[in-house]
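Working through the structure, step by step
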Amino acid sequence: MARDCHEITNVRSIVAPILGILVCILVWCPVFVARDSAAPAVSKVEPPSWWAGHTINPVRLLVRGENLTGARVRSTQQTIQTSNVSVNRNGTYLFVNVSINPSAQPGSYPLILETTNGETTIPFTLAPSLDPKTHFQGIRADDVIYLIMPDRFANGDTTNDAPGDSQPEATDRTNPRAYHGGDLRGIINHLAYFKDLGITALWLTPWYDNWNGINKCDKPWCPNTYYHGYHAIDYYGVEDHFGNLATLRELIEKAHALGLKVIQDQVANHVGSHHPWVTDSPLDDWFHGTLADHQLNKFQNSVLLSPHANRDEVRNTLDGWFNDDLPDMNQDEPEVVRYEIQNALWWVGTTGFDGIRQDTIQYVPRSFIRDLSNALHRQYPRMWMVGEVFERDAAQTAFFIGGHTGWDNIDTRLDSVFDFALWNTSLQVFTDKQPVRALRDQLKYDALYPDPSKVTTLVNNHDTARFISLENATLEGSMMHTAFTLSVRGIPQLYYGEEIAMEGREDPDNRRDFPGGFPGDGRSAFVATGRTQTEQRMYQWTQNWIRLRHEHSSIRQGRLIDLYYDDVLYLFARQDRSETVIVAINRAAQEKQITVPVGSIGVKDRSELIALIGPLGTARVTNGQAQLTLPAKTIVALAVR
Ligand SMILES: [Ca+2]
Ligand SMILES: [Ca+2]
Ligand SMILES: [Ca+2]
């Protein structure tokens, strides 16, 4: 605005400057004065709290408001200091560094924001730190993870089914794309169920606040909602359909008290299209592109692996908007990197959970994955993050796991990736589409991983059809697939309902309500008496294999050694210093006689192989071999004694 006045007064005449000044005073300046005279206002502070003695210090606040142009920010207390203020072009976002003296005590530390037109307060608090002995525990191969979609698991609080601003048809259990009413209270109410099954960690799909409106379109699936949680409108908010921050903290504390860990689903790659940043962003380059002008991500994912890829294909895959709809966060902008790293750490420190699942991690720069991993581990040494690299090619998943340096000289330091390659092979094998030896053939690519025991193996997830609904699927196949996932190397992850062989084709059919979780359900699969015979058989089987895993360190941590493989059989050992367990798969419709070369894994003659799971007698080892008769269409486990 000063420039406008200057241009008008810069007229080369004697009269013009006077006229110019008069125009400024009489016409233009009152307009600007009126606009400028509005007092500053603050509507959101991110993060709203932080900690003294934190590895990130100063913390950089992002303040949303109005009339922030020219603002200064100061602290009224000696123990915290402000610096490096910057304000966006519209005067609607302000960044400020806050340095916290390590001796500062928890409490309220409001900051004063001043412009020439007034002052206001930026609320900010220092929180007490949670006990690191009982929080931030990390995930390891001793754990068994259970994935839950909160909206579809159990409705423990009907008062939050339709928050004030939602339309009636947004909550509709007959519409697979509407909210169904499940929530955090429903999960709290069923913690004992997970304990009974043997689960040690719960992964919840995102609990960020999502838009409560309904998308209308001319497609068959409309109207649809964001019940799934992947379209955040507030990186610091809890979805109001699920509960609030207090409910979330209660869930995590109660889960911890029972020995259950919790994993947050984070989405650094994108936000939802209804996020306020879309129409007014903190910086011009906050996103890759704008709503009007951006690339569509073509998902050419292999260009991320290839050292020979061209720049345009790589930029499309990193910068393109997911589904053309989801604003892609620009991690090439340092302010975005700081914002997202602080956000990730704020959730950990505020709620005390134990691990992170990072959505679509391929689409953020590898340098960002590294910086985020380092920041997490620096503050919370046991913290664990698994990345979704949804690829059936182990070369690509292995490229993203930490512990080795890629051709780009980057070690992502990422703790784990999902093993979609082995998952896919297991689905194929146990629906008779590939020979059983394909399991061994896939596992040989473990050579690509710095430590294959760190991958996360999955039975299924919320983006894939349920096992029992696959072509050629049988209950026996489902049982073998689950048992294999629970006995092979890695950290196993189940998906709610697979333990009762729930049906469901592609998304959203694979996200049906858990039976008994909702008011009015005719039966409850949470208890044995409410399960069908098939459900109970699958449940007990899953429970037995989880128990076996908990009871045998070799299955959790031991080396995996191939013993025998052909079109219908695969036998492998899991072996550590203290024990050897043999897992034997027979997919054939007949029982099979097999001579197992156990001498090759150091098992001595006259040892016995004793069945841990499965209808097998005891076999004695002679001349380094054991004769087994494997029952049809099942998987058995034997201990060496
Ligand atoms: Ca509810
Ligand atoms: Ca919401
Ligand atoms: Ca991206």
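The structure this text deals with has already been given above.
In every chain, residue numbers begin from 1 and rise along the written sequence. In the order they appear in the text, chains get letters beginning with A and ligands get numbers beginning with 1. Confidence filtering applies because this is a predicted model: local features only for residues at pLDDT of at least 70, side-chain atom pairs given and counted only at 80 or more, and all residues used for totals across whole chains, interfaces and linings. Calculated side-chain values reflect all of the structure's heavy atoms, with hydrogen atoms and water omitted.

**What about the pairing of strand 15 (residues 261-266)?**
As a reminder of what qualifies: Whether a residue is buried, partly exposed or exposed follows from its accessible area with a 1.4 Å probe, protein chains only, as a fraction of its type maximum: under 20%, in between, or over 50%, in that order. Where helices and strands are cited, they refer to DSSP runs of H or I of at least four residues and of E of at least two residues respectively, numbered from the N terminus. Pairing between strands is defined by DSSP: at least two bridges between the two strands are required.
Among the six residues of strand 15, six are classified as buried, and the element is accordingly described as predominantly covered. Alternating positions in strand 15 separate into two faces, K261, I263 and D265 on one and V262, Q264 and Q266 on the other, with burial throughout. Note: strand 12 (residues 201-204) against strand 15, four bridges, orientation parallel. Residue pairing in the sheet places L202 in a bridge with V262 of strand 15. In the sheet, strand 15 pairs with strand 16 (residues 355-358) via four bridges, with the strands oriented parallel. Directly across from Q264, in strand 16, lies its bridge partner I356.

**A short note on the pairing of strand 23 (residues 580-586)**
If a strand is regular, its side chains alternate between the two faces of the sheet. Counting buried positions over the seven residues of strand 23 gives seven, a clear majority of the element. Summarising the sheet, strand 22 (residues 569-575) and strand 23 pair through seven bridges and their orientation is antiparallel. Residue L571 lies in a different strand from strand 23, and its bridge partner there is A584. Note: strand 23 against strand 28 (residues 634-640), six bridges, orientation antiparallel. Pairing of N586 across the sheet is with T634, part of strand 28.

**What about unusual backbone geometry?**
Of note, the bond from N57 into P58 is cis; its omega dihedral lies within 30 degrees of zero at 10 degrees. Structurally, P58 is set in the loop between strand 2 (49-50) and strand 3 (59-66). The omega angle of the peptide bond from D507 to P508 is 10 degrees, so this bond is cis rather than trans. For N84, which is not a glycine, the phi torsion comes out positive at approximately 55 degrees.

**Quick word on the coordination of the calcium ion (ligand 3)**
Ideal values for angles at a metal depend on the geometry: 109.5 degrees with four tetrahedral donors, 90 or 180 degrees with six octahedral donors. Formally: Donor atoms: N, O and S within 2.8 Å of the metal, or within 3.2 Å for Na, K and Ca. Because water is excluded, sites can look incomplete.
Donor atoms from the polypeptide that bind the calcium ion (ligand 3) are N269 (OD1), L318 (O), D328 (OD), D328 (OD) and Y363 (O), placed at 2.3 to 2.5 Å. Written as a sequence motif, the donor arrangement for the calcium ion (ligand 3) is N-x48-L-x9-D-x34-Y. One end of the pair, N269, is in the loop between strand 15 and helix 7 (302-305); the other, Y363, is in the loop between strand 16 and helix 10 (366-379), with 94 residues separating them in the sequence. A relative accessible area of 7% places Y363 in the buried class.

**A word on the packing of aromatic side chains**
Note the following rule: Only Phe, Tyr and Trp rings take part, Trp by its six-membered ring, and two of them pair if their centres are within 6.5 Å. Stacked means planes under 30 degrees apart, edge-to-face means over 60, and tilted covers everything else. We call a charge positioned above a ring when the Lys NZ or Arg CZ atom is no farther than 6 Å from the ring centre and deviates by at most 35 degrees from the ring normal.
Tallying each qualifying case throughout the model produces 44 aromatic pairs. Centroid distance Y193 to F526: 5.1 Å. Interplanar angle 90 degrees. Geometry classified as edge-to-face. Taken together, the residues Y193 in helix 5 (residues 191-197) and F526 in the loop between strand 20 (491-495) and helix 15 (533-551) connect sequence positions 333 residues apart. A relative accessible area of 10% places F526 in the buried class. For the ring pair F484 and F572, a centre distance of 6.1 Å and an interplane angle of 85 degrees mean the geometry is edge-to-face. Here the residue F484 occupies a position in helix 14 (residues 475-487), and F572 occupies one in strand 22, the gap between them amounting to 88 residues. Residue F484 shares its accessibility class with F572, and that shared class is buried. Stacked on the ring of F400, the Lys or Arg R366 has its end atom at 5.4 Å from the ring centre. Directly above the ring of Y539 sits R531, whose terminal nitrogen or CZ lies 3.7 Å from the centroid.

**Notes on empty space enclosed by the protein**
The line we're drawing: In this analysis, the protein atoms alone were mapped onto a 1 Å grid. Cavities are point sets where a 1.4 Å probe fits without being able to get out; pockets are open sets with protein on both sides within 12 Å along at least five of seven lines; lining residues have an atom within 4 Å of a point. Grid points are joined across faces, edges and corners, and a volume is the space filled by probe spheres set on the points. Charged residues are taken to be Asp, Glu, Lys and Arg, nonpolar residues to be Ala, Val, Leu, Ile, Met, Phe, Trp, Tyr, Cys and Pro, and polar residues to be all remaining types, Gly included.
Summed over all chains, the structure comprises four cavities of 30 Å³ or more. Of the volumes computed, that of the largest cavity is approximately 70 Å³. Elements supplying a minimum of two residues to the lining of the largest cavity: helix 9 (334-351) and helix 10. Broken down by element, the residue count for the lining of the largest cavity peaks at three residues, all from helix 9. Looking at the lining of the largest cavity residue by residue, the classes come out as seven nonpolar, three polar and one charged. In this structure, the second largest cavity occupies an estimated 50 Å³ of space. If you trace the second largest cavity, you find it lined by L422, W423, S426, T457, L458, H481, F484, T485 and V488. Only helix 12 (420-429), strand 19 (456-458) and helix 14 provide two or more residues apiece to the lining of the second largest cavity.

**As for the packing of helix 9 against helix 10**
Here is the rule: Interaxial angle, 0 to 180 degrees, is taken between N-to-C directions of lines fitted to C-alpha atoms, where a helix line uses only the stretch in contact. By convention, the crossing between two helices is left-handed when the near helix turns anticlockwise from the far helix through less than a right angle, and right-handed when the turn is clockwise. Residues count as neighbours in contact if any of their non-hydrogen atoms are within 4.5 Å of one another.
Running from N to C, helix 9 and helix 10 cross one another at 35 degrees; their axes reach a closest spacing of 10 Å. Handedness of the crossing formed by helix 9 with helix 10: right-handed. Facing helix 9, whose interface residues are V337, E340, I341, A344, L345 and V348, helix 10 presents F368, D371, L372, A375, L376 and Q379. Of the residues contributing to the contact of helix 9 with helix 10, the split by class is nine nonpolar, one polar and two charged.

**Comments concerning the coordination of the calcium ion (ligand 1)**
Worth spelling out the cut-off: Every geometry call rests on angle ranges, with four donors termed tetrahedral when all angles are between 85 and 135 degrees, four termed square planar and six termed octahedral when opposite donors are over 155 degrees apart and all others are between 65 and 115, and everything else termed irregular.
Within the protein, the calcium ion (ligand 1) binds to N155 (OD1), D157 (O), N160 (OD1), D161 (OD), G181 (O) and D183 (OD); these donor distances fall in the range 2.3 to 2.5 Å. Bound by six donor atoms, the calcium ion (ligand 1) shows angles of 65 to 166 degrees at the metal and therefore irregular coordination geometry. Written as a sequence motif, the donor residues of the calcium ion (ligand 1) are N-x1-D-x2-N-D-x19-G-x1-D. Linking N155 in the loop between helix 3 (150-153) and helix 4 (184-188) with D183 in the loop between helix 3 and helix 4, this pair joins segments that are 28 residues apart in sequence. Residue classification places N155 among the buried residues on the basis of a relative accessible area of 11%.

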